[in-house]
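Read off the chains here:
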Amino acid sequence: MKSNIQDTPLNKQLFGEDFIWGISTAAVQIEGAHDADGKGESIWDVFTQKKGKILNGHHHHIATDFYNRYQSDIDLIKQLNIPNFRFSISWSRILPDGTGEVNQAGIDYYNRVINYCIELGIEPWLTLYHWDLPHALEQQGGWTNRAIVDWFTEYVAVCANAFGDRVKHWMVMNEPSVFTGAGYFLGIHAPGRKGIKNFLPAIHHAVLCIAAGARTLRGILPDSEIGTTFSCSYIEPYSAKPRDVAAAIRVDALLNRLFIEPILGLGYPAELTVLAGMDKYILPGDMDSVKFDFDFIGLQNYTREIVEHSFFTPYIHASLVKAEKRKVPITAMGWEVYPASIYHILKKYDLYPQIRKVYLTESGAAFKDEVVDDLVDDPKRVEYLQQYLQQVLKAKNEGCKVEGYFIWTLTDNFEWAEGYHPRFGIIYVDFETQQRIIKSSGLWYAGLLR
Ligand code: NOJ
């Protein structure tokens, strides 16, 4: 493999014997087979059919065809020496209508995936909700309907009973701030709802479900390791002006604290006046029942955000100063490459004594990749991963309780509203032929983990 990347000075021993190394994926982004074998419709099946929602009209109907190619893709995980594989369960494959009748073919499919991982000595890590709500439940209000706590609990129990004899590591939910913010406030992700009247109940019900799901898992599987994951970006003010500093504090509360603090028993961040109308969704006893003592918290970091005061932005009165405008290095998503972000995030969450342990359950970057002579050399991604990992090591050496790192992601895949344009994989996918090519970054990771 041609590559201009030097051998990494990083060495996995520096992170300690017990450090967890892995790779992360999500059902909608890889599986395809959107209507196969009794699967019900999810909100993404409906959303991607609407005009203008997904860049270039892309959809996830085939994606990387992982549903049919799981064996050869798990073989690649093995070939890259990656010991832990994080993937998500599609709720509507298991319960096509969201509740009620179980689809045995869906259970069988995940059993095949789990069993194949175990056969190859790869540890499966399951995410229960990575944004694909059954459409039948959305028709009843989805995340805005408090009944979702019962629907979700039922789904979690089915999964725990079906897979818990072999799966030891569970994540209840992935990045609630993104699916509520993009899906129920901005309308740019499924189900495409907008406005504060959708956003506030979706937030509170997601918080209730995180704790209810975790309690259900612990009840059925007392020995399993239970976590949940949050997106987090390091936030800094654009200037030292008090208005910008205050704006940065609000954005930090919205992006980094809104979901985790109630779960840790700290309530919703008081800085967020946007939550003023939340009271009507919070019933007596709720703030006690949203507390859960997680075995681990999954943090997912990609970038930092620079924030300035903005008079015209409703509710939050703050806006992000785009990386492009700041003339800093960016990824294909337009996100700033800022390795120290992951260090600051680890330091920040280390200040919560309630958090027992942190795994970085996603970290990675999209860059424009090209196939040349059947090879994909992606030095920028290698450099990104090396630099972010150096910062993880720095935080760990300073005593932060970080005990694992999962790269986002195995193969290029369906990047939600951005379609197939951003390539995040350490394995390249030709979406016409479904051919895979291990990128230099994949070979680099394999070398690190050897
Ligand atoms: C976080 C999400 O969990 C994942 O689905 C997404 O593809 C990556 N970030 C990159 O945007």
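Preceding this section is the structure that the text describes.
Quick caveat: nothing in here was measured; it's all calculated off a predicted structure.

Visitor: Please clarify how the overall build of the protein should be interpreted in this entry.
Guide: Broken down by element type, the protein carries 16 helices and 15 strands. The globule rule puts the C-alpha radius of gyration for 450 residues at 22 Å, and the 21 Å found for the protein is close to it. In terms of overall dimensions, the protein has a C-alpha envelope of 60 × 55 × 45 Å along the principal axes. Per-residue burial over the protein gives 61% buried out of 450 residues. Carbon and sulfur atoms form 52% of the exposed surface of the protein, whose accessible area is close to 17,500 Å². Side chains of the protein carry 44 positive and 54 negative charges; the gap between the two charge centres is 6 Å.

Visitor: Could you clarify how one ought to interpret the pattern of salt bridges in this entry?
Guide: Close approach of charged atoms allows side chains with opposite charge to pair. According to the stated counting rule, one finds 25 salt bridges in the structure shown. Between arginine 304 and glutamate 336 there is a salt bridge, with the nearest N and O atoms lying 2.8 Å from each other. You can see arginine 304 sitting in strand S8 (residues 304-309) and its partner glutamate 336 sitting in the loop between helix H13 (323-326) and helix H14 (340-350), a full 32 residues away along the chain. Salt bridges here are not isolated pairs; linked through shared partners, they connect Asp369, Asp378, Arg381, Asp412, Arg423 and Lys439.

Visitor: Mind showing me how you'd approach the site of the ligand here?
Guide: Taken together, 13 residues surround the ligand, and among them Gln29, His130, Asn174, Glu362 and Glu415 come closest. Here an oxygen atom of the ligand sits 2.7 Å away from a polar atom, N or O, in the side chain of glutamine 29. At a separation of 2.6 Å, an oxygen atom of the ligand approaches a polar side-chain atom of glutamate 415. Starting from 290 Å² of accessible surface for the ligand in isolation, the protein chains cover 96%. Of the residues assigned to the shell around the ligand, the class counts are six nonpolar, four polar and three charged.

Visitor: Explanation requested: the packing of helix H10 (residues 242-257) against H14 in the structure shown.
Guide: A pair of packed helices can be characterised by two numbers: the angle between their axes and the separation between those axes. For the pair H10 and H14, interaxial distance at closest approach is 13 Å and the crossing angle is 85°. In terms of orientation, H10 and H14 fall into the roughly perpendicular class. In contact with Asp252, Asn256 and Arg257 of H10, H14 contributes Ile345, Lys348 and Tyr349. For the contact of H10 with H14, the residue count by class is two nonpolar, one polar and three charged.

Visitor: Would you take a moment to explain the pairing of strand S2 (residues 84-88) for this structure?
Guide: Side-chain direction in a regular strand flips from residue to residue, so the side chains alternate between the two faces of the sheet. Within S2, five of the five residues are buried, which leaves the element mostly enclosed by the surrounding structure. Residue alternation in S2 divides its side chains into two sets, Asn84, Arg86 and Ser88 and Phe85 and Phe87, and both sets are buried. Across three bridges, strand S1 (residues 20-24) lies against S2 in parallel orientation. Within S2, the position partnered with serine 24 by the bridge is arginine 86. When S2 meets strand S3 (residues 123-129), the two strands line up parallel, connected through five bridges. If you follow phenylalanine 85 over to S3, its bridge partner there is proline 124.

Visitor: Explain the sheet that holds S1 to me, please; I cannot follow it from the model alone.
Guide: Within a sheet, adjacent strands bond to each other through the backbone by hydrogen bonds, running parallel or antiparallel. A barrel is described by the order of its strands in space; here eight strands give the closed sequence S1-S2-S3-S4-S5-S7-S10-S13, paired in parallel fashion. Across the sheet, the axes of successive neighbouring strands diverge by a mean angle of 25°, strand direction being ignored. Against the sheet, helix H16 (residues 440-449) makes contact with S1 and strand S13 (402-408), and its axis sits at roughly 160° relative to S1, the strand it touches most.

Visitor: I'm lost on the side chain of histidine 61 in this one. Help?
Guide: Its place among the elements puts histidine 61 in the loop between helix H2 (43-47) and helix H3 (66-79). Residue class for histidine 61 comes out buried when judged on its relative accessible area of 18%. A distance of 3.2 Å separates the side chain of histidine 61 from the side chain of glutamine 49, its partner in a polar contact. Excluding its chain neighbours within four sequence positions, the residues that come into contact with histidine 61 are Gly32, Ala33, His34, Thr48 and Gln49.

Visitor: What exactly am I supposed to notice about the packing of helix H8 (residues 176-184) against helix H9 (residues 196-220) here?
Guide: Packing of H8 against H9 brings their axes to within 9 Å, and their N-to-C directions diverge by 155°. On the basis of their axis angle, the class for H8 and H9 is roughly antiparallel. Here the hand of the crossing between H8 and H9 comes out right-handed. Residues Pro176, Phe179, Thr180, Gly181 and Tyr184 of H8 lie in contact with H9, whose contacting residues are Asn198, Phe199, Ala202, Ile203, Ala206 and Ile210. For the contact of H8 with H9, the class distribution of residues is eight nonpolar, three polar and no charged.

Visitor: What exactly am I supposed to notice about the nonpolar core here?
Guide: Among the nonpolar cores identified, the biggest contains 147 residues, and Trp143, Phe163 and Tyr405 are the most heavily contacted of them. Among the elements that line this core, the one with the most residues is H9, at 13 residues. Among the nonpolar cores identified, the runner-up in size contains six residues, and Ile20, Phe296, Tyr359 and Phe406 belong to it.

Visitor: When you look at empty space enclosed by the protein in this model, what are you seeing that I'm missing?
Guide: Left-over empty space is what a probe sized like a water molecule reveals as it rolls over the atoms. Taken as a whole, this structure holds three cavities of 30 Å³ or more when the rule is applied. Its boundaries defined by the atoms lining it, the largest cavity holds a volume of some 80 Å³. Around the largest cavity sit Ala27, Val28, Glu31, Gly32, His34, Lys39, Ser42, Asp45, His60, Ser90, Arg93 and Asp132, which together line it. Glu175, Pro176, Ser177, Phe230, Ser231, Leu255, Asn256, Arg257, Leu258, Phe259, Ile260 and Tyr349 together form the lining of the second largest cavity. For the lining of the second largest cavity, the secondary-structure elements that each account for two or more residues are H8, strand S5 (225-231) and H10. The element that contributes the greatest number of residues to the lining of the second largest cavity is H10, accounting for three residues. Taken together, the residues that form the lining of the second largest cavity break down as seven nonpolar, three polar and two charged.

Visitor: Sorry, what's going on with H3 here?
Guide: An α-helix turns once every 3.6 residues. As a result, residues three or four positions apart point the same way. Over its 14 residues, H3 extends only 17 Å from the first C-alpha to the last, a length that falls short of the 20 Å expected when each residue adds 1.5 Å. At serine 72, H3 shows its maximal kink, close to 40°. Looking one or two residues past H3, asparagine 81 carries a phi angle of roughly 65°, positive in sign.

Rules used throughout
Residues numbered from 1 in each chain as written. Predicted model: local features only at pLDDT ≥ 70, side-chain atom pairs only at ≥ 80, totals over all residues. Heavy atoms only, no water. Helix = DSSP H or I, 4+ residues; strand = E, 2+ residues; numbered from the N terminus. Rg over C-alpha atoms; globule rule 2.2 N^0.38 Å. Buried < 20%, exposed > 50% of the residue type's maximum accessible area, 1.4 Å probe, protein only. Areas by Shrake-Rupley, 256 points an atom, 1.4 Å probe, with all protein chains shown as cover. Lys, Arg positive; Asp, Glu negative; His and termini not counted. Charge placed at Lys NZ, Arg CZ, Asp CG, Glu CD. Salt bridge = Lys/Arg side-chain N within 4 Å of Asp/Glu carboxyl O. Near = heavy atom within 4 Å. Polar contact = N/O pair within 3.5 Å; in protein donor to acceptor, adjacent residues only side chain to side chain. Nonpolar A, V, L, I, M, F, W, Y, C, P; charged D, E, K, R; others polar. Axes fitted to C-alpha atoms, helices over the stretch in contact; angles between N-to-C directions. Parallel < 35°, antiparallel > 145°, perpendicular 65-115°, else oblique. Contact = heavy atoms within 4.5 Å. Pairing = 2+ DSSP bridges. Left-handed = near helix turned anticlockwise from the far one by under 90°. Core = buried A, V, L, I, M, F, W, Y, C linked by side-chain atoms within 4.5 Å. 1 Å grid on protein atoms, 1.4 Å probe; cavity = no way out; pocket = protein on both sides within 12 Å on 5 of 7 lines; lining within 4 Å. Points joined across faces, edges and corners; volume = space filled by probe spheres on them. Expected span 1.5 Å × (residues − 1). Bend = angle between axes of the 7 residues up to and from the residue.

Taken by themselves, the reported measurements are silent on function.
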